[in-house]
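Summary of structural features
Listed below are the residues making up each chain.
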Amino acid sequence: MNLSTAIKSISLLAAITLASCSNSKTVTAEKKADDAVKVEVEKSDYREVPQVNTFTGSIEAEVTNKIAPQSSMRIKKIYVEVGHHVAAGQKLADMDPSNLDQVRLQMENNQLEFNRVDELYKIGGCSKSEWDAKKTALDISRRNYQNLMENTILVSPTSGIVSQRNYDSGDMYSSGEGPIFVVEKIRPVKMKVNVSEAFFTLIKKGQNVEFTLDAYGDEIFTGKVNIIYPTIDPSTRTFIVELTIANSDEKVRPGMYARVTMNYGTAKHVVVPDRAVQKLIGSGDRYVYVVKDGKAEYRKVELGQRLDKEYEIISGINPGETVVVAGHTKLKNGSIVSIVSKK
């Protein structure tokens, strides 16, 4: 083989080798493109987010009075009905006055006896011990009469509304069988809310609070934080916040179910579309896929609030990172991705 022929053979072999390498690279690139998972993506945002949380609670009366005599006796007459508004000191019912009359007569007799002994004592006609004995007897009978009168003429200790009347005129009331009346003070009312431990340092006394009631749909009512209980329930990891609601129009009634919104100001956090957030099957964990250098990167995230069609992210995503919003089903950590435009 001469030199010219050898050179031609070498050149031909080199060309074949180069073509083979080129074809191999093309096949590899095409294979990678075929293996890439097609996904839709969006950029994460970073902005001020209102720090708002919603809890539930039930309305309670400011004061609840259960009214009944101390001892068993017949009810002579009832003067009020359920739903009636009553003032503090207003008569609700008369009980049988027989025992009261006897005690009154005894008190009047003790008064006469004391008056007689008192005149004698002033002129030295009796001893100090006799005077003391009659004075003690009179004081005891006065207290007995006052106590029995309070249990014979039943009055409301507070201004409010009669929420229960459990007996009728003429009924025999037996001690220990529950109240004859329940009177509830509903101006103002209060509400106790169990709040998550994480917000213990954020809630302040006097803080304004908004809430809605199922009975009134979307109508918004307001109240104020009145008491913050100082301890955390170890079983629920919550603490009690007591709210006061002025309720001047009495629309808010004890027993109503409330949804309470507490606002703690704003905080700057990452925000992503809700479609980006996925739930790990068999767990309460949430995760997001971030696209980095053409690959999907698995990120476990801590969620804040849901904001319409977005989620506040407390941790796990950095501002401005690209997140997958569609095409999650075939993804795993490290998957090659191909970004496609939204449909």
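Quick note: structure is the one above.
Residues numbered from 1 in each chain as written. Predicted model: local features only at pLDDT ≥ 70, side-chain atom pairs only at ≥ 80, totals over all residues. Heavy atoms only, no water.

Looking at the overall build of the protein
Counting its secondary structure elements, the protein contains three helices and 19 strands. Each of the 343 residues in the protein was classed as buried or not, and the buried ones make up 33%. Residue pairs at least 24 apart in sequence account for 73% of intrachain contacts in the protein once pairs closer than 6 positions are excluded. Element-wise, carbon and sulfur atoms account for 51% of the exposed surface of the protein, whose accessible area totals about 20500 Å². (Helix = DSSP H or I, 4+ residues; strand = E, 2+ residues; numbered from the N terminus. Buried < 20%, exposed > 50% of the residue type's maximum accessible area, 1.4 Å probe, protein only. Contact = heavy atoms within 4.5 Å. Areas by Shrake-Rupley, 256 points an atom, 1.4 Å probe, with all protein chains shown as cover.)

Some words on the side chain of Glu-321
Along the chain, the position of Glu-321 falls in the loop between β17 (310-315) and β18 (322-326). Overall, Glu-321 belongs to the buried group, its relative accessible area being 10%. Of note is the side chain of Glu-321, whose polar atom sits 2.9 Å from the side chain of Arg-299. Discounting residues that sit within four places of it in the chain, Glu-321 has contacts with Glu-42, Lys-43, Ser-44, Val-290, Lys-292 and Arg-299. (Polar contact = N/O pair within 3.5 Å; in protein donor to acceptor, adjacent residues only side chain to side chain.)

Considering helix α2 (residues 98-122)
With 25 residues, α2 should reach 36 Å at 1.5 Å per residue; the first-to-last C-alpha distance of 37 Å fits that figure. Where α2 is buried, its residues contact α3 (128-152). At the exit of α2 stands Gly-124, carrying a positive phi of roughly 80°. (Expected span 1.5 Å × (residues − 1).)

Things to note about the environment of Leu-280
Secondary-structure assignment places Leu-280 in the loop between β14 (278-279) and β15 (286-292). Sequence separation of Leu-280 and Lys-300 is 20 residues, and the distance between their C-alpha atoms is 9.4 Å. In this structure, Leu-280 is in contact with Asp-285, Tyr-287 and Tyr-298, ignoring residues within four places of it in sequence.

Considering α3
Because an α-helix packs 3.6 residues into every turn, residues spaced three or four apart end up facing the same way. Look at α3: 36 Å from first C-alpha to last across 25 residues, which is about the 36 Å you get at 1.5 Å a residue. Buried within α3 are the following residues: Trp-131, Leu-138, Ser-141, Tyr-145, Leu-148, Asn-151 and Thr-152. Residues of α3 that are buried make contact with β3 (73-78), β5 (91-95), α2 and β6 (153-155).

Focus on the packing of aromatic side chains
If you walk through the whole model with that rule in mind, you get 11 aromatic pairs. Measuring from ring centre to ring centre gives 5.7 Å for Tyr-287 and Tyr-289, while their planes differ by 80°; the resulting arrangement is edge-to-face. The pair Tyr-287 / Tyr-289 is uniform in exposure class, with both members buried. A ring pair is formed by Tyr-289 and Tyr-298, whose centres lie 6.0 Å apart and whose planes are at 75°; its orientation type is edge-to-face. (Phe/Tyr/Trp six-rings, centres within 6.5 Å; stacked < 30°, edge-to-face > 60°.)

Brief notes about the pattern of salt bridges
Pairs can form between side chains of opposite charge once their charged atoms are near each other. Enumeration according to the criterion identifies 22 salt bridges in this entry. Its salt-bridge partner being Lys-300, residue Asp-285 comes within 3.5 Å of it at the nearest N-O pair. Taken together, the residues Asp-285 in the loop between β14 and β15 and Lys-300 in strand β16 (residues 295-307) connect sequence positions 15 residues apart. Taking the relative accessible area as the measure of exposure, Asp-285 reaches 27% and is therefore partly exposed. Because the salt bridges share partners, they merge into one network encompassing Asp-45, Arg-47 and Glu-310. (Salt bridge = Lys/Arg side-chain N within 4 Å of Asp/Glu carboxyl O.)

Geometric values such as these leave the question of function open.
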